[in-house]
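Structural overview for review
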Protein chains: 2
Amino acid sequence: MKVAIVGAGAIGMLTACYLADRRHDVVLLTQRKEQAERINDHGLQLIDFYGRTQRKAVKAKTLAGLTEKDQLDVVILTVKAYSVKDVLSQLKDKRISSILFLQNGMAHIDYFADLPIATVAVGVMEHGAVRENDHTVRHTGRGRLRWGYVRKEAALLDDLFAADSGEDAFPVRYEGDWLEMLQQKLIVNACINPLTALLGVKNGELVTSRPRKEMMRAIFTEVMQVLERDDEEERWAHVVRVCEQTASNTSSMLVDLSNRRQTEIASISGYLIRLAEQKQLAVPVLNFVTMAVSSKEEAARKEGDD
Amino acid sequence: MKVAIVGAGAIGMLTACYLADRRHDVVLLTQRKEQAERINDHGLQLIDFYGRTQRKAVKAKTLAGLTEKDQLDVVILTVKAYSVKDVLSQLKDKRISSILFLQNGMAHIDYFADLPIATVAVGVMEHGAVRENDHTVRHTGRGRLRWGYVRKEAALLDDLFAADSGEDAFPVRYEGDWLEMLQQKLIVNACINPLTALLGVKNGELVTSRPRKEMMRAIFTEVMQVLERDDEEERWAHVVRVCEQTASNTSSMLVDLSNRRQTEIASISGYLIRLAEQKQLAVPVLNFVTMAVSSKEEAARKEGDD
């Protein structure tokens, strides 16, 4: 099966490595020509959970270098949420049978309806990975890649993940209710990411301090109101558990701010604020924390310009 | 007239210097014995607005060293808001005719009713000052000391400030409506101090960035609701003007956090939150920003312990 993975960050490289293990024909589509060349020169390297370095049979080329002749069975989109729109416009004329979205937040679900691709799926990545360099990724946390069909014309994604036994190095799990899966992840991300970014603390520190835990609860309460859910205690227990289980992790949003990169605040908290506006609900804390992260993003960008 | 100034920080030293100029018998009451000794050894030094250093006729002793024999015409309290309770209990048995409170926030007004002192006044300090060392203060911003009587048995404070022409180096202004005066200052402090402390920015930066200005407006809106005022546009214009006029200043709350000292959040935002609770008003943003500053205070204290 011909698989293209768009986005050669940590998640893209990690996914490419494990799909290559399943004997698929995997190409990694990069933004930068330099990165594609490095991967083709050195091979894509995976440092696995036991610290072993393995070279994988993955080729790379730039997304811009994709031609109309390229027939792709499956495209997996691992770019940041704010790049989805741009990437989809670049993929517009290409022959693609199935597409799988792997983004944080829920802003990308708005693109599903008009997408000229028959089979659309969406997933959430619970594996941890760190990009070591342009052609090396380290698998730091063994979780699951959870995914589900939004609409299904062909079962190519079933075939793609078919070799999975659920016990291998890269567990994958099918979820029947993709919206529920995304919402559960969104709740966790909306609580943890902006607050760790604003306060400059690790995930675990959100639950070891009374005021920080109360701040997170204030965010959580508004998120639940917007999503109109009735499993408040179960979801809160889950958020707290994620903080504890990833206690020493630095959230991607804090990493982005520290590295003066754009954050995913618009697709996480921003999505919830837009939903609240549609429902005419007041979300003062979500608004406040979103503006706080935006202002820090703006300040970091300006420092970068100096 | 025998005047005691309690608290030998920047504001206490500055006030002592200018009152000594008016030929009053001024004693500065310090917390630390070492500071009192230094002032008595070196004299209290004022670096005035033109950079000239002047030595003032001010004696110092510790607050604890005050005896029941000491008859004081006027006591001026310049300690931080969170120390007022403790200082008042130390002054309980002393013979004091009049007292003037110079604190940020409004938490201290709760002490007025039960105070065994006949004349009570309250003021807001709009002069800027920086403590250079234990016996030297620099006058950095020429504003006004505004004050008013809460209850008046004797006119000692009129006499104290009588020499004021309104054109000298330390302008003082009497205000008929002390509650209005405190509220106006509280609105400014509640908007500027916690937000600069949370974001780590100078006063002026609150109005040069759209998201920061929106955050400040969100705080401001809740403050106005709690105080049930109807001059919203006038007060907002004032807050913005203070940000612009003190653009390069670092707020006292940000300085306190940076120096790992306790902040005045409880007497500023905390006072408003308690008032909102009494009125059964929801103030989610005030709560959020107060918890944010408290959590940074807590973290700074822990770092200090290491």
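Parameters and conventions
Residues numbered from 1 in each chain as written. Chains lettered and ligands numbered in written order. Predicted model: local features only at pLDDT ≥ 70, side-chain atom pairs only at ≥ 80, totals over all residues. Heavy atoms only, no water. Helix = DSSP H or I, 4+ residues; strand = E, 2+ residues; numbered from the N terminus. Buried < 20%, exposed > 50% of the residue type's maximum accessible area, 1.4 Å probe, protein only. Contact = heavy atoms within 4.5 Å. Polar contact = N/O pair within 3.5 Å; in protein donor to acceptor, adjacent residues only side chain to side chain. UniProt positions renumbered as here; feature names shortened; annotations may be inferred. Axes fitted to C-alpha atoms, helices over the stretch in contact; angles between N-to-C directions. Left-handed = near helix turned anticlockwise from the far one by under 90°. Nonpolar A, V, L, I, M, F, W, Y, C, P; charged D, E, K, R; others polar. Least-squares fit on C-alpha atoms with pLDDT ≥ 70 in both. Pairing = 2+ DSSP bridges. Buried area = accessible area lost by both parts, 1.4 Å probe. Salt bridge = Lys/Arg side-chain N within 4 Å of Asp/Glu carboxyl O. Expected span 1.5 Å × (residues − 1). Bend = angle between axes of the 7 residues up to and from the residue.

In this section: the environment of Asp-256 of chain A. All names here are of chain A. Structurally, the position occupied by Asp-256 is in helix H8 (residues 252-258). What makes Asp-256 buried here is its relative accessible area of 1%. Sequence separation between Asp-256 and Ser-89 is 167 residues; the distance between their C-alpha atoms is 25 Å. Apart from residues lying up to four places away in sequence, Asp-256 is in contact with Lys-80, Arg-261, Gln-262 and Thr-263. A polar side-chain atom of Asp-256 sits 3.3 Å from a polar atom in the side chain of Lys-80.

This paragraph deals with the UniProt feature "domain: Ketopantoate reductase N-terminal" (unreviewed entry) in chain A. Following the UniProt record, one finds the feature "domain: Ketopantoate reductase N-terminal" (unreviewed entry) at residues 3-150 of chain A. Taken end to end, residues 3-150 of chain A is 20% helix and 41% strand, and its two terminal C-alpha atoms sit 19 Å from one another.

This paragraph deals with the UniProt feature "domain: Ketopantoate reductase C-terminal" (unreviewed entry) in chain A. Mapped onto the present numbering, the UniProt feature "domain: Ketopantoate reductase C-terminal" (unreviewed entry) falls on residues 178-296 of chain A. A distance of 33 Å separates the end C-alpha atoms of residues 178-296 of chain A, which is 74% helix and 0% strand.

Residues and elements named next belong to chain B. Two elements in contact, helix H5 (residues 178-199) and helix H6 (residues 210-227), have axes whose closest approach is 10 Å; the angle formed by their N-to-C orientations is 145 degrees. Regarding H5 and H6, the two cross each other, and that crossing is right-handed. For the pair H5 and H6, contact is made by Gln-183, Leu-186, Ile-187, Ala-190, Cys-191, Ile-192, Leu-195 and Leu-199 and by Arg-212, Met-215, Met-216, Ile-219, Phe-220, Val-223, Met-224 and Leu-227, respectively. Residue classes in the contact of H5 with H6 are distributed as 14 nonpolar, 1 polar and 1 charged.

For the rest of this paragraph, the subject is the side chain of His-108 of chain B. Mapping His-108 of chain B onto the fold places it in the loop between strand E7 (95-101) and strand E8 (119-125). Excluding its chain neighbours within four sequence positions, the residues that come into contact with His-108 of chain B are Val-84, Phe-101, Gln-103, Val-122 and Leu-182 of chain B.

The two copies are related by a screw motion: chain A maps onto chain B through a turn of 180 degrees and a shift of 0.0 Å along the axis, at an RMSD of 0.0 Å. Accordingly, the operation relating the two chain copies is best matched by a two-fold axis. Within chain A, Val-285 of chain A has its C-alpha nearest the rotation axis, a separation of 2.9 Å. With an isologous cut-off of 70% or more, the 100% of interface residues of chain A that recur at the interface of chain B puts this contact in the isologous class.

What follows is about unusual backbone geometry. A positive phi angle is found at Gln-280 of chain A, which is not glycine, with a value near 55 degrees. Mapped onto the fold, Gln-280 of chain A is located in the loop between helix H9 (265-278) and helix H10 (284-305). With a phi angle near 50 degrees, Glu-228 of chain B is a residue other than glycine that sits in the positive phi range. Residue Glu-228 of chain B is classed as exposed on the basis of its relative accessible area, which comes to 59%.

Right, let's talk about the sheet that holds strand E9 (residues 128-133) of chain B for a bit. All names here are of chain B. Spatially, E4-E3-E10-E9 is the arrangement adopted by the 4 strands of the open sheet, whose pairing is mixed. Whereas interior strands pair on both sides, the edge strands pair on one side only; in this sheet they are strand E4 (53-56) and E9. Each strand of the sheet is rotated relative to its neighbour by a mean of 25 degrees, with strand direction disregarded. Sheet topology note: the E9/strand E10 (residues 136-141) ladder contains 5 bridges and is antiparallel. Bridge assignment links Asn-133 to a residue of E10, and that residue is Thr-136.

Listed as interface residues are 21 residues of chain A and, on the opposing side, 21 residues of chain B. In this assembly, chain A packs against chain B so that about 1800 Å² is buried in total across both faces, 74% of it on carbon and sulfur atoms. Interface area lost by chain A to chain B is led by Met-215, Phe-288 and Met-291 of chain A, which between them contribute 35%. Counting across the chain A and chain B interface gives 0 salt bridges.

For the rest of this paragraph, the subject is the sheet that holds strand E7 (residues 95-101) of chain A. All names here are of chain A. Here we have 8 strands laid out as an open sheet, ordered E5-E2-E1-E6-E7-E8-E11-E12, and mixed in their pairing. Across the chains shown, the open sheet's two edge strands, defined by having one partner strand only, are strand E5 (59-62) and strand E12 (172-174). Looking at each pair of strands side by side, their axes are set apart by 30 degrees on average, direction ignored. Sheet analysis places strand E11 (residues 145-151) next to E12, joined by 3 bridges and oriented parallel. When the bridges of E12 are listed, Trp-147 appears paired with Tyr-174.

So, about H5 of chain B. Residue and element names in this part refer to chain B. End to end, H5 covers 32 Å across 22 residues, agreeing with the expected 32 Å (1.5 Å per residue, within 8%). The largest bend in H5 is about 30 degrees, located at Asn-189. Of all the 22 residues making up H5, 20 are buried; the element is thus mostly covered by neighbouring parts of the structure.

All names here are of chain B. Taken as a whole and judged by the stated rule, the model has 43 salt bridges over all chains. The closest approach of N and O atoms between Glu-132 and Arg-138, which form a salt bridge, is 2.9 Å. Judged by relative accessible area, Glu-132 falls into the partly exposed class, the value being 38%. The class of Arg-138 is partly exposed, set by a relative accessible area of 32%.

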